[in-house]
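Descriptive analysis of the structure
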Amino acid sequence: MTLLEWRSNKRNLSGSYELSEYSSIDFGIQMTEVNNRFTGRNVQLDNWGGFTQPGELSDSQPFFYERVNSINWMVVTIHGYKPNSFTADIADVIAVAEASYCSQRRVCSVGDCGTGYCASTDWDIDKRTTEETTSAYFQFNDATEYNGMPINVQFGVRWEQTDVTSAALAPTYDEVFWLGGNEFTMVKAVDEDGNAIQVFDDYAGDYDHILPSFDFDIEVMDNLVLRASYSKTLTPPKLYRYSGRNYRR
């Protein structure tokens, strides 16, 4: 089960100053705070091959077995499959499974209902990131003409400063449990009361950039405009690239 929360607060102040009928300067400042939180919990039994041995479910269990004669002959004879099946009420199947949950496994996880058959809000992945950005910009705008051809020119620059604080819930692991084949489970360390030992680790970083821009266009004839532009932009990285790690060694 995973949960992603996103909140953003923004404050800005902008204005424009006219130098003439055709020229002006735009300017402004902006402060932004963005909060991201990603939480998750994996609930599984780590028992992909079933929890019982063949024949362990006796006639006392609420299952009805029947012979099936419609299975493809090639499957039965070549692959050796036994043409048997069973039917049962799903509530009875769940009851049998819940009664045996974790009984034969050293490592298992449970949900809010006490078994592994529901989601859990006892998060073991909890990543929280706060970005605080301060930016300022100005842009010069001018409209003129050359040999009767209208010209528009815009150029400016933007400065950004961003501070990032990232916190991650970091459980402590004290051993690795082999499940079979190439599957392993990391076992969390627990305190005297059996609660997982985990704390929030904080990380911080910052960056700043200067981002210029330029745009020029000229109408060489009716319905034909030539344009040239250049700009440098900034795109934030994906959340996982600057969120804190969620484990301790």
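In this report, the structure presented in the accompanying data block is examined. Note that the coordinates shown come from a computational prediction; the quantities given were computed from them, not determined experimentally.

This part covers the environment of Gln161. Turning to its location among the elements, Gln161 is positioned in strand 6 (residues 149-171). Placed 48 residues apart in sequence, Gln161 and His209 show a C-alpha to C-alpha distance of 6.8 Å. Setting aside chain neighbours within four positions, we find Gln161 in contact with Glu132, Thr133, Thr134, Asp206, Tyr207 and Asp208. Among the polar contacts listed, one links the side chain of Gln161 to the side chain of Asp163, at a separation of 3.3 Å.

In this section: the sheet that holds strand 2 (residues 23-40). Strand order across the open sheet formed by six strands is 1-2-5-6-9-10, with antiparallel pairing between neighbours. Sheet topology places strand 1 (2-18) and strand 10 (224-231) at the edges, where each strand pairs with a single neighbour. Taking each pair of neighbouring strands and ignoring which way they run, the sheet shows an average axis angle of 15 degrees. Note: strand 6 against strand 9 (residues 198-221), 21 bridges, orientation antiparallel. Counted as the bridge partner of Val153 is Phe216 from strand 9.

Parameters at a glance
- Residues numbered from 1 in each chain as written.
- Predicted model: local features only at pLDDT ≥ 70, side-chain atom pairs only at ≥ 80, totals over all residues.
- Heavy atoms only, no water.
- Helix = DSSP H or I, 4+ residues; strand = E, 2+ residues; numbered from the N terminus.
- Contact = heavy atoms within 4.5 Å.
- Polar contact = N/O pair within 3.5 Å; in protein donor to acceptor, adjacent residues only side chain to side chain.
- Pairing = 2+ DSSP bridges.
- Axes fitted to C-alpha atoms, helices over the stretch in contact; angles between N-to-C directions.

Worth remembering: the numbers are spatial, not functional.
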